[in-house]
Amino acid sequence: MGPPRPTCMERWRDEPEVRLTLALLAGAGVLVALGSTGVGGSLVLVVALAAVTVLASIAGDELLDTAWRRVDPHGYVADLWVGLFVAGVAVLLFLDATPGEVQALGGLVGLVGMCNYFLRPVYRILFGLGRRIAGS
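Source: prediction; values computed, not measured.

Thresholds applied
Residues numbered from 1 in each chain as written. Predicted model: local features only at pLDDT ≥ 70, side-chain atom pairs only at ≥ 80, totals over all residues. Heavy atoms only, no water. Phe/Tyr/Trp six-rings, centres within 6.5 Å; stacked < 30°, edge-to-face > 60°. Buried < 20%, exposed > 50% of the residue type's maximum accessible area, 1.4 Å probe, protein only. Core = buried A, V, L, I, M, F, W, Y, C linked by side-chain atoms within 4.5 Å. Helix = DSSP H or I, 4+ residues; strand = E, 2+ residues; numbered from the N terminus. Axes fitted to C-alpha atoms, helices over the stretch in contact; angles between N-to-C directions. Parallel < 35°, antiparallel > 145°, perpendicular 65-115°, else oblique. Left-handed = near helix turned anticlockwise from the far one by under 90°. Contact = heavy atoms within 4.5 Å. Nonpolar A, V, L, I, M, F, W, Y, C, P; charged D, E, K, R; others polar. pLDDT = per-residue confidence, 0-100. Polar contact = N/O pair within 3.5 Å; in protein donor to acceptor, adjacent residues only side chain to side chain.

Moving on to the packing of aromatic side chains. To describe a pair of aromatic rings, you give the distance between the ring centres and the angle between the ring planes. Under the defined criterion, the tally for this structure stands at 1 aromatic pair. With a centroid separation of 5.5 Å and an interplanar angle of 65 degrees, the aromatic rings of Tyr117 and Phe118 are classed as edge-to-face. Owing to a relative accessible area of 58%, Phe118 belongs among the exposed residues under this scheme.

What follows is the structure, encoded as structure tokens:
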């Protein structure tokens, strides 16, 4: 007997679309939290988000080699820097955003993440069609 088949939930967790969705939701959460605390868009915020992005990228990779693997067996923490990067780019595009607008940017980043999640069946259909076309 080979290794046990992954359960439905395990297969769901390993999909790249889900990893991107979670990363974007993390970025959305950061922007909403910053806007809620009264932080508006500025170059200082962009630099701070860039620094946190670099630290999250390094720390995420390092955490995968520790006991954190028991808490996060699929390694989602290693991908959260993507959401922080997107949050930084969103603020960079709207440097003069008020705190309310920073919250709205967070909502838009979260909306993109959820659209990505809900389009998973479309991705699978297109991927299947592409494989059939390439295979014939």
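From this point, the narrative continues.
Below, the discussion takes up the nonpolar core. Of all hydrophobic cores here, the largest spans 13 residues; its most connected members are Leu31, Leu49, Ala90, Val91 and Val109. Mapped by element, the contributors of at least two residues to this core are α2 (16–36), α3 (43–63), α5 (80–93) and α6 (99–118).

A word on the packing of α2 against α5. Close contact between α2 and α5 brings their axes to 7 Å; oriented N to C, the two are set at 50 degrees. In this view, α2 runs oblique relative to α5, as classed from their interaxial angle. When you trace α2 past α5, the crossing you get is right-handed. Contacts from Leu20, Leu22, Ala23, Leu24, Ala26, Gly27, Val30 and Leu31 of α2 reach α5 at Leu80, Val82, Gly83, Leu84, Val86, Ala87, Ala90 and Val91. Grouping the constituent residues of the contact of α2 with α5 by class yields 14 nonpolar, 2 polar and no charged.

Overall, the predicted model of the protein chain reaches an average pLDDT of 82, with 78% of residues at or above 70. Between the elements of the protein chain, mean pLDDT differs from a low of 48, seen in helix α1 (residues 8–13), to a high of 94, seen in α6.

Moving on, we come to the environment of Leu92. Its location among the elements puts Leu92 in helix α5. C-alpha separation for the pair Leu92 and Leu45, spaced 47 residues apart in sequence, amounts to 8.7 Å.

As a further point, take the side chain of Thr21. Here Thr21 shows up in helix α2. There is a polar contact of 3.2 Å between the side chain of Thr21 and the backbone oxygen of Gly113. A distance of 3.5 Å separates the side chain of Thr21 from the backbone nitrogen of Tyr117, its partner in a polar contact. Those residues in contact with Thr21, other than ones at most four positions away along the chain, are Gly113, Met114, Asn116 and Tyr117.

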